[in-house]
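Topology and contacts: notes
Here is what each chain is made of, one letter per residue.
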Amino acid sequence: MQNYDYIITGSGASGLMLAYRMAKDSFFDNASILIIDKEKKTSNDRTWCFWENGEGEWDELLHKSWDKILFESNIYKNTIPLQSYAYKMLRSGIFYDKLWNFIDTKNNIRFIEDTVVDIKASTNGAIVETLKSNYFTTKLLNSIDLNKNYTLQKKYPVLLQHFCGWFIETDKNLFDDSTATFMDFTVDQKRNTRFMYVLPISPNKALFEYTLFSKEVLTKDEYEGELLKYLDTKFITEYTITEIEQGVIPMTSYKFWVQNSKNILHIGTVGGWTKASTGYTFKNTSKKTIQLIAFLKAENDFTHFRKKTRFWWYDLLLIDVLSSYNHLGSKLFSTLFKRNSLKNVFRFLDEETSFIEDLRIMLSMPPLRFIVALFRRVLNF
Ligand SMILES: Cc1cc2nc3c(=O)[nH]c(=O)nc-3n(C[C@H](O)[C@H](O)[C@H](O)COP(=O)(O)OP(=O)(O)OC[C@H]3O[C@@H](n4cnc5c(N)ncnc54)[C@H](O)[C@@H]3O)c2cc1C
């Protein structure tokens, strides 16, 4: 069996970012590192958006950035300047290219295209089984969801952020590309949390993404019907669909980290790096991979990697509420944006606020459902 110091299974956002950081850090120059993925991705298979305060590490790769966002619902509408923040769009193709170009210069990092079928902890390491072979490693960083454990439990509700997006191009200039529509809840809610997300890339190009936070995905026809309806209400009738993007992101406070062991760490979405209450993952992955590099240099037992925070509780309560009262999403998010400065909302969602600031934000929300959710949780623990 081939033997490596580190194996990274899955080279999507988290696996590739981690490999890139290892490649850039001379500490790992003498370590043997293997990356396994069923494909070496180079295409625009997803579009990552995230807010960021000031300049950031991925700025040179950005497709577009906005300094204003529009929030809209039947009870609140506002175009909000982002001040020192920007809302940034990064397309995956350029990200994969840049990171692979650098990783490929390193002789100690090898890539194998193969399908992982199982991973197992073993004495002093882990074994990765693929369709073609088996590999031993001292430390395994896994970003592949091999067992979907979070779907097999009932303790933590699982909502899905699911969406279908059309990149469209028009002959006429129809879009104000200085403003991103962050959430437009004026679409028919149909007893769910549903909104349109509109990202104008230029005056005649935009991404329209019909998005839900709910338990069940829709059929292709349902997403497309809603996109057609929305474009119609905006009087956008002549356009070409240049690309389609579809996705499902789990939103849950399931404790992904219980699957970690001394020598196996789950990273990315399967490591719980997706913010449960929003589905945003990319920027967190950026932060977590930096922390992980520092951890790998200093410590040995992956069960110590995760640090408990109070934000896990807040996400849990919001998902509890949205799961029991899925139709309330529009009201909850409207209240959050109406009663708090955007900067504080971003800082809160980035888990950077103090406890006093958290309390202020939580007290600004309609309290009843949260109190009930809190009591239920306390009784269940
Ligand atoms: C369409 C889409 C849009 C998104 N947009 C945003 C956004 O705007 N902002 C944001 O913050 N987050 C967004 N996300 C969520 C999140 O950032 C991405 O899902 C991100 O790619 C997660 O990184 P990851 O490393 O956990 O998983 P992935 O990037 O999915 O990587 C997993 C890798 O494992 C490989 N793999 C899977 N199974 C096997 C197997 N059995 N054997 C070998 N290889 C395997 C895959 O080929 C893949 O390369 C989006 C997600 C999707 C799907």
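Residues numbered from 1 in each chain as written. Predicted model: local features only at pLDDT ≥ 70, side-chain atom pairs only at ≥ 80, totals over all residues.

What follows deals with the overall build of the chain. What the chain contains, in helices and strands, is nine helices and 17 strands. In terms of C-alpha radius of gyration, the chain reaches 21 Å, essentially the compact-globule figure of 21 Å for 381 residues. Considering only C-alpha atoms, the chain reaches an extent of 60 × 55 × 40 Å along its principal axes. When the 381 residues of the chain are sorted by exposure, 36% land in the buried category. (Helix = DSSP H or I, 4+ residues; strand = E, 2+ residues; numbered from the N terminus. Rg over C-alpha atoms; globule rule 2.2 N^0.38 Å. Buried ≥ 20, exposed ≤ 12 C-beta atoms within 10 Å, placed from the backbone.)

Before going further, it helps to examine the nonpolar core. Grouped together as the largest cluster of nonpolar side chains are 35 residues, with contacts concentrated most on Ile 7, Leu 18, Ala 19 and Ile 33. Looking at this core, the elements with two or more residues in it are strand E1 (2–9), helix H1 (13–24), strand E2 (33–37), helix H2 (92–103), strand E10 (125–130), strand E11 (134–142), strand E17 (264–266) and helix H4 (282–298). With seven residues, the single largest contributor to this core is H1. Setting aside residues up to four positions removed in sequence, Leu 18 forms contacts with Ile 8, Leu 141, Ile 267, Thr 289 and Leu 292. (Core = buried A, V, L, I, M, F, W, Y, C linked by C-beta atoms within 7 Å. Contact = placed C-beta atoms within 7 Å.)

For the rest of this paragraph, the subject is the sheet that holds strand E14 (residues 193–202). Read across the sheet, seven strands follow the order E6-E5-E13-E14-E15-E12-E16 without closing on themselves; strand pairing throughout is mixed. Across the chains shown, the open sheet's two edge strands, defined by having one partner strand only, are strand E6 (77–81) and strand E16 (240–252). Each adjacent strand pair in this sheet contributes to an overall mean axis angle of 15°, direction not counted. As paired strands, E14 and strand E15 (residues 205–214) are joined by nine bridges and run antiparallel to one another. Residue Phe 195 lies in a different strand from E15, and its bridge partner there is Thr 211. (Pairing = 2+ DSSP bridges. Axes fitted to C-alpha atoms, helices over the stretch in contact; angles between N-to-C directions.)

Our next topic: the site of the ligand. Within the structure, the ligand sits among 28 residues, and Gly 10, Gly 12, Ser 14, Gly 247 and Gly 268 are positioned closest to it. Within the residue set of the shell around the ligand, elements represented by two or more residues are H1, E2, strand E3 (47–53) and E16. Of the residues forming the shell around the ligand, the biggest block, four residues, is contributed by E3. Along the lines of polarity and charge, the residues of the shell around the ligand split into ten nonpolar, twelve polar and six charged. A domain-level breakdown of the shell around the ligand finds at least three residues from each of domain 1 (2–46 + 90–149 + 253–304) and domain 2 (158–250). (Near = placed C-beta within 6 Å. Nonpolar A, V, L, I, M, F, W, Y, C, P; charged D, E, K, R; others polar. Domains from an automatic or database assignment.)

Attention shifts here to the domain arrangement of the chain. Splitting the chain by domain gives domain 1 (2–46 + 90–149 + 253–304), domain 2 (158–250) and domain 3 (311–380). Taken residue by residue, the interface counts nine residues in domain 2 and nine residues in domain 3. Of the residues belonging to the side of domain 2 that touches domain 3, the class tally is four nonpolar, four polar and one charged.

Sheet analysis places strand E12 (residues 158–169) next to E16, joined by twelve bridges and oriented antiparallel. Among the inter-strand pairings, His 162 is bridged to a residue of E16, identified as Val 248. Pairing of E12 with E15, which is carried by ten bridges, proceeds in the antiparallel orientation. Bridging across to E15, Glu 169 finds its partner in Lys 205.

Looking now at the sheet that holds strand E7 (residues 85–91). With antiparallel pairing, three strands are arranged side by side in an open sheet as E3-E7-E4. Where the open sheet ends on each side, the last strands, each with one partner, are E3 and strand E4 (64–66). Taking each pair of neighbouring strands and ignoring which way they run, the sheet shows an average axis angle of 20°.

Within strand E13 (residues 179–184), five of the six residues are buried, which leaves it mostly tucked inside the rest of the structure. Strand direction decides the pairing type here: E13 and E14, joined by two bridges, are antiparallel. Each residue of the ladder has a partner; that of Thr 181, found in E14, is Val 198.

As a further point, take the environment of Leu 363. The residue Leu 363 is located in helix H8 (residues 355–363) in this model. Between the C-alpha atoms of Leu 363 and Arg 339, which are 24 residues apart in sequence, the distance is 9.9 Å.

Before going further, it helps to spend a moment on unusual backbone geometry. The residue Lys 148 is not glycine, and still its phi comes out positive at about 45°. Mapped onto the secondary structure, Lys 148 falls in the loop between E11 and E12. At Arg 191, a position not held by glycine, the phi torsion is positive, near 65°. Looking at the element boundaries, Arg 191 is found in the loop between E13 and E14. Note on Arg 191: 10 C-beta atoms within 10 Å, which makes it exposed.

Taken N-terminus to C-terminus, the directions of H1 and H2 make an angle of 40°; their axes are 9 Å apart at the nearest point. On the basis of their axis angle, the class for H1 and H2 is oblique. With respect to the hand of their crossing, H1 and H2 are arranged in left-handed fashion. Note on element contacts: H2 touches H1 through Tyr 96, Leu 99, Phe 102 and Ile 103, opposite Leu 16, Met 17, Ala 19, Tyr 20 and Ala 23. The class makeup of the residues in the contact of H1 with H2 is nine nonpolar, no polar and no charged. (Parallel < 35°, antiparallel > 145°, perpendicular 65-115°, else oblique. Left-handed = near helix turned anticlockwise from the far one by under 90°.)

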